Amino acid sequence: MTQAATTSHAEPAGGAPREPWYKVLYIQVLIAIVLGVAVGYLYPEFGKSLKWLGDAFVALIKMMIAPIIFCTIVHGIASIGDLKKVGRVGLKALIYFEVVSTLALLIGIVVGEVIQPGAGFHADPSKLDASKVAGYAQKAAADSTVAHIMALIPKSFFDAFATGDLLQVLLISILTGVVVTGMGKKAEGIAHAIDMAGQVFFRIIGLIVKLAPIGAFGAMAFTIGEYGIQKVVDLAWLVGTFYVTSALFVIVVLGSIARVAGFSIFRFLAYIKDELLIVLGTSSSETVLPHMMTKMRRLGASDSVVGLVIPTGYSFNLDGTNIYMTLATLFLAQAVGADLSVGQYATIILVAMLTSKGASGVTGAGFITLAATLAAIPNNPVPVAAMTLVLGIDKFMSECRAITNLIGNGVACVVVSRWEGELDTAKLNQVMAHPVSIGTDISDHSPEPMDTDTQNAPAPGTKVAAAE
């Protein structure tokens, strides 16, 4: 059996990494992204052929997402043991999600009106090739309130796992957690088995995430090779506006919320730097969902809140997607010379609030929700064909959407934990004092298993070795 724990770092807190720099995950991912951009730019055809590397990494992660969410939510609800408390935590989370998400939508509209990124574009809708966005338009046409409700229900219990639909997995996870809790002591064995299964899945993710640099390299090489940097240059004003708006949203809005919750948004970003770089390389926040749950627990959020808030936030708390939808809608309206009325603005906000709930961090989902939003505006002042204007840069926008969504969910988890009175402030302060070294230590080792006894959990920065 290996030594159970090493109680201190080999270097002073906040100092140089314990391991050689080239073995640190976030440095590997950063190098991979730079190399991917270079390969895609210099050898575009070869870069396109590397798409499978990014797809394979995302697929490996996604195959574990459904079982991890199921085990985490069921374990979280069972560990609470009080269905009234489960409902209270869920209600608080949903209220927070809706308030902040609506604020993101409004910020997108305000910035779009002030900056006017599409003004002077003078695009002629009749000359746009609608066939390029026909697939997105067809998916958007099938979108409706009834369709959203029916989409929540899987064909069978196991179909949700087979398809990987997050909303369906959430539904069966919550139902299972409620039933297990209601069975009391009779279900203790089931709860324990689910907990152990969750630990197995987290350790599998710990192995897969080591491939992140390869996945980031392939995804970035393909993106640059397929779409080219010139696409960004052509629409630099829109891309720049979106990135700056998202950055300001994180710093000002989420930063203010974080300050009230007792931590610095900049230190929080340093803490999750590895996850941010992986999302940047893969354009999908799903690739780091398990690691984010681990880091939120080590940050002091209670296990039960993490199990409910993080997975739910991936479907209901999409700040980056909301900013993108309203900003892109206004850009397209300005580009085709459409003047929107107050009623049409209201429709955009209401429809976006609904359509964004299905964009669970998957690359391209934001583009489909944009099509649904445009199609729902009364009198169709902005034809869906206008989306061809931003089709070439959507991949670059997707990265910013996913990163903003990820940060927003992390902040939400801490806020709801504090709101519920279950935030370990001692852990929070300890991690925030040395976010880089502690965050790197967690990311460089297998994810921590779920632990219902937060009082006996290892201190942040403590290296825990698996027993053999």
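In this text, all values refer to a predicted model and were calculated from it rather than measured experimentally.

Considering a nonpolar patch on the surface
At step 1: On the surface, a nonpolar cluster with roughly 670 Å² of combined accessible area is contributed by Y41, L42, Y43, F46, I229 and V233.
At step 2: Of all the secondary-structure elements, those providing two or more residues to the nonpolar patch are α1 (25-42) and α11 (229-234).
At step 3: Counting through the fold element by element, F46 comes out in helix α2 (residues 44-49).

What about the packing of aromatic side chains?
At step 1: Within the structure shown, the criterion is met by eight aromatic pairs.
At step 2: Relative to F157, the ring of F70 has its centre 6.0 Å away and its plane inclined at 85°; by these criteria the two rings are edge-to-face. With F70 in helix α3 (residues 51-80) and F157 in the loop between α6 (145-151) and α7 (159-163), the pair connects residues that are 87 residues apart, well separated along the chain.
At step 3: Residue classification places F157 among the partly exposed residues on the basis of a relative accessible area of 38%.
At step 4: Each ring, one from F157 and one from F158, has its centre 5.3 Å from the other, and the planes form 75°; the classification is edge-to-face.
At step 5: According to the relative accessible area criterion, F158 is exposed, its value standing at 62%.
At step 6: Among the aromatic residues, those joined into a ring-pair cluster are F70, F157, F158 and F161.
At step 7: One Lys or Arg, K51, reaches over the ring of F222 and ends 5.4 Å from the middle of that ring.
At step 8: Sitting over the ring of Y324, R401 keeps its end group 4.2 Å from the ring centre.

Structural notes on the environment of L42
At step 1: Structurally, the position occupied by L42 is in helix α1.
At step 2: Residue class for L42 comes out exposed when judged on its relative accessible area of 55%.
At step 3: L42 sits 179 residues away from A221 along the chain, and the two C-alpha atoms are 9.8 Å apart.

Focus on the UniProt feature "transmembrane region" (unreviewed entry) in the protein chain
At step 1: Per the UniProt record, the feature "transmembrane region" (unreviewed entry) sits at residues 24-44, 56-81, 93-115, 160-180, 200-224 and 236-258.
At step 2: From the first C-alpha to the last, residues 56-81 spans 39 Å; its make-up is 96% helix and 0% strand.
At step 3: Secondary structure across residues 160-180 divides into 90% helix and 0% strand, with the first and last C-alpha atoms of the span separated by 19 Å.

A look at the nonpolar core
Nonpolar side chains tend toward joint burial in soluble globular proteins.
At step 1: Formed by 119 residues in total, the largest nonpolar core has its most connected members in M296, L332 and I407.
At step 2: Counting residues in each nonpolar core, the second largest holds six residues, with F70, C71, V74 and A187 among its members.

Considerations on the pattern of salt bridges
At step 1: Taken as a whole, this structure holds nine salt bridges when the rule is applied.
At step 2: We note a salt bridge from K51 to D55, for which the minimum N-O separation is 2.6 Å. Of this pair, K51 and D55 both sit in helix α3, separated by four residues, roughly a single helical turn.
At step 3: Using a relative accessible area of 34% as the deciding quantity, one classes K51 as partly exposed.
At step 4: With relative accessibility at 39%, the residue D55 sits in the partly exposed group.
At step 5: Between K92 and E420 there is a salt bridge, with the nearest N and O atoms lying 2.8 Å from each other. Linking K92 in helix α4 (residues 83-115) with E420 in the loop between α21 (394-419) and α22 (425-433), this pair joins segments that are 328 residues apart in sequence.
At step 6: Overall, K92 belongs to the buried group, its relative accessible area being 15%.
At step 7: Residue class for E420 comes out buried when judged on its relative accessible area of 12%.
At step 8: Several salt bridges converge on common partners, so that one network encompasses K273, D274, E275 and K295.

Parameters at a glance
- Residues numbered from 1 in each chain as written.
- Predicted model: local features only at pLDDT ≥ 70, side-chain atom pairs only at ≥ 80, totals over all residues.
- Heavy atoms only, no water.
- Patch = residues over 30% accessible without salt bridge, like charges linked within 9 Å, V, L, I, M, F, W, Y side chains within 5 Å.
- Areas by Shrake-Rupley, 256 points an atom, 1.4 Å probe, with all protein chains shown as cover.
- Salt bridge = Lys/Arg side-chain N within 4 Å of Asp/Glu carboxyl O.
- Helix = DSSP H or I, 4+ residues; strand = E, 2+ residues; numbered from the N terminus.
- Phe/Tyr/Trp six-rings, centres within 6.5 Å; stacked < 30°, edge-to-face > 60°.
- Buried < 20%, exposed > 50% of the residue type's maximum accessible area, 1.4 Å probe, protein only.
- Lys NZ or Arg CZ within 6 Å of the ring centre and 35° of its normal.
- UniProt positions renumbered as here; feature names shortened; annotations may be inferred.
- Core = buried A, V, L, I, M, F, W, Y, C linked by side-chain atoms within 4.5 Å.

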